[in-house]
Amino acid sequence: MTEATDRRAPRPESAPDAPAIAHQPVRGLAPGAPESPAAAPDGSAARPGRAPRTVPGWLWAVPPVAVLAVVFLYPLALVVQQSLAPGNGGGAFDAYASVFASHSFREALGTTVWLAVGATAGCLLLGFALALVIAFVPFPGARAMAKFIDVFLSFPSFLITLALLFVYGTVGMANGLWTDTFGVAEGPFHFLTTPWGVLLAEITYFTPFVMRPLLAAFSQLDTAQLEVASSLGAKPGRIIRRVILPEALPALAAGGSLVLVMCLNEFGIVLFTGAKDVTTLPMLIYGKAILESDYAAACVVAVVNIVISVGLFGLYRVVSKRAGA
């Protein structure tokens, strides 16, 4: 045979015994028992991991609910309890019957309603007109005027009333100018102490609360619609009725609902105008509690005012939700 035929392939060396060693059970552990925890770099055994402790979700609601109960719910409960407290051995609802039968309560309720409704209507008309001018009529300072509306919302109500007194009060600028011009003893401007003066002050103060949502709604309006309507020959009045007003209705409803709620509870404007013949529900509460010390009657009027306010606020929330405000 030749050397090529006698040459055989080398036998493969046997595989190492590592796999067999890997499958050998660990000494000291029974089959199926869990392995011991791995040792830490310093030689100490590592502790098995534990699930983090979680605080129950209801526990987070305890602090704010407690603060709300102490600050708001407890005083409100006291007012309701005082309104139901029997007096002179009578029933629990005697105070309600007495207040509802009084002429002063019915007059205050009627005055409050018509002032709130009238101020809301005036704010809607004036606010819509001013918002139209600021949003769609180019003039210098339009952007600054829009920013001023946001600042105006932070002003207290008595500040606006005080400014009106400086202008139209009995010794205000308008009456002073009239007396100096015509040489008379007093001027003709005395309407601030009447319901119409209160109405003017409320419209002046609450109009920006209508303008703010309107300006936000106008900023989302597609100006291409206005340009198309104008190019087709539509007059400004028709554009406002057909294009702008439908888009502004949700914002008008939301702003009007908010103004209605705020006018219903307004106290500072009526007090600072000095309109003694104008008695609203907040003024009646003040008179019953502070001037007459009739706390039961004051609490009854307060409960009625709260019920009306909460109902109107619910209406405001529904309208705002639908308007996306």
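Residues numbered from 1 in each chain as written. Predicted model: local features only at pLDDT ≥ 70, side-chain atom pairs only at ≥ 80, totals over all residues. Heavy atoms only, no water.

A. Summary view of the overall build of the protein. Helix and strand content of the protein: 15 helices and zero strands. Classification of the 325 residues of the protein by burial places 30% in the buried group. The contacts in the protein between residues at least 6 apart in sequence include a share of 70% that link residues at least 24 apart. For the protein, the computed accessible surface area is about 21700 Å², with 66% contributed by carbon and sulfur atoms. (Helix = DSSP H or I, 4+ residues; strand = E, 2+ residues; numbered from the N terminus. Buried < 20%, exposed > 50% of the residue type's maximum accessible area, 1.4 Å probe, protein only. Contact = heavy atoms within 4.5 Å. Areas by Shrake-Rupley, 256 points an atom, 1.4 Å probe, with all protein chains shown as cover.)

B. Region of interest: the nonpolar core. Of all hydrophobic cores here, the largest spans 41 residues; its most connected members are Phe128, Val198, Tyr205, Phe206, Leu214, Phe218 and Val259. If you list the elements that add at least two residues to this core, you get α6 (103-136), α7 (142-152), α8 (157-168), α10 (195-219), α11 (223-231), α12 (236-264) and α13 (268-273). Per-element tally for this core: the top contributor is α10, with twelve residues. Dropping the residues within four chain positions of it, phenylalanine 128 is found in contact with Cys123, Leu214, Phe218, Ile240, Leu245, Ala248 and Leu252. Ala95, Leu284, Val300 and Val301 belong to the second-largest nonpolar core, a separate cluster that totals 13 residues. (Core = buried A, V, L, I, M, F, W, Y, C linked by side-chain atoms within 4.5 Å.)

C. Seen up close, unusual backbone geometry. In this model, serine 293 sits at a positive phi of 55°, which is unusual for a non-glycine residue. By the secondary structure assignment, serine 293 is in the loop between α14 (281-291) and α15 (295-323).

D. Up close: the side chain of serine 257. Topologically, serine 257 is positioned in helix α12. Filtering out sequence-adjacent residues up to four positions away, serine 257 remains in contact with Tyr316 and Val319.

E. α7, seen in detail. Looking only at α7, the buried set comprises Ala142, Ile149 and Phe152. Projection of α7 onto a plane perpendicular to its axis shows the buried side chains occupying an angular sector of 70°, all on one side. Exposed residues lying more than 90 degrees from the buried face of α7 are Arg143, Ala144 and Lys147. Of the surrounding secondary structure, the elements contacted by the buried residues of α7 are α6, α8 and α10. (Arc of directions from axis to C-beta.)

F. How the structure looks around the packing of aromatic side chains. All told, the structure shown has 19 aromatic pairs when counted by the stated rule. With a centroid separation of 5.5 Å and 50° between ring planes, the pair formed by tyrosine 168 and phenylalanine 191 is classed as tilted. Here tyrosine 168 is found in helix α8, whereas its partner phenylalanine 191 is found in the loop between α9 (173-182) and α10, with 23 residues between them in sequence. Overall, tyrosine 168 belongs to the partly exposed group, its relative accessible area being 31%. According to the relative accessible area criterion, phenylalanine 191 is partly exposed, its value standing at 26%. (Phe/Tyr/Trp six-rings, centres within 6.5 Å; stacked < 30°, edge-to-face > 60°.)

G. Quick peek at a nonpolar patch on the surface. A cluster of nonpolar side chains, Phe158, Leu159, Leu162, Phe166, Val167, Tyr168, Met173, Leu200, Leu271 and Phe272, forms an exposed patch at the surface whose accessible area comes to about 860 Å². Looking at the nonpolar patch, the elements that each hand over two or more residues are α8 and α13. No other element matches the six residues that α8 contributes to the nonpolar patch. (Patch = residues over 30% accessible without salt bridge, like charges linked within 9 Å, V, L, I, M, F, W, Y side chains within 5 Å. Salt bridge = Lys/Arg side-chain N within 4 Å of Asp/Glu carboxyl O.)

H. Region of the structure containing the layout of surface pockets. Volume-wise, the largest pocket comes out at about 330 Å³. Around the largest pocket, the lining is made up of 16 residues, and of these Ile134, Ala135, Ala146, Leu215 and Ser219 lie nearest the centre. Classifying every residue of the lining of the largest pocket gives ten nonpolar, two polar and four charged. (1 Å grid on protein atoms, 1.4 Å probe; cavity = no way out; pocket = protein on both sides within 12 Å on 5 of 7 lines; lining within 4 Å. Points joined across faces, edges and corners; volume = space filled by probe spheres on them. Nonpolar A, V, L, I, M, F, W, Y, C, P; charged D, E, K, R; others polar.)

I. The arrangement of the confidence of the model for the protein in detail. The predicted model of the protein has a mean per-residue pLDDT of 82, with 82% of residues at 70 or higher. Per-element mean pLDDT across the protein ranges from 45 in helix α2 (residues 18-22) up to 94 in α6. When the criterion is pLDDT under 50, residues 25-31 qualifies, and its contacts beyond four places in sequence or with other chains add up to two contacts. (pLDDT = per-residue confidence, 0-100.)

J. A look at the environment of proline 213. Within the secondary structure, proline 213 sits in helix α10. Counting along the chain gives 82 residues from proline 213 to alanine 131, while the straight-line C-alpha distance between them is 9.5 Å. If we skip the residues at most four places from it in the chain, proline 213 touches Ala251 and Gly255.

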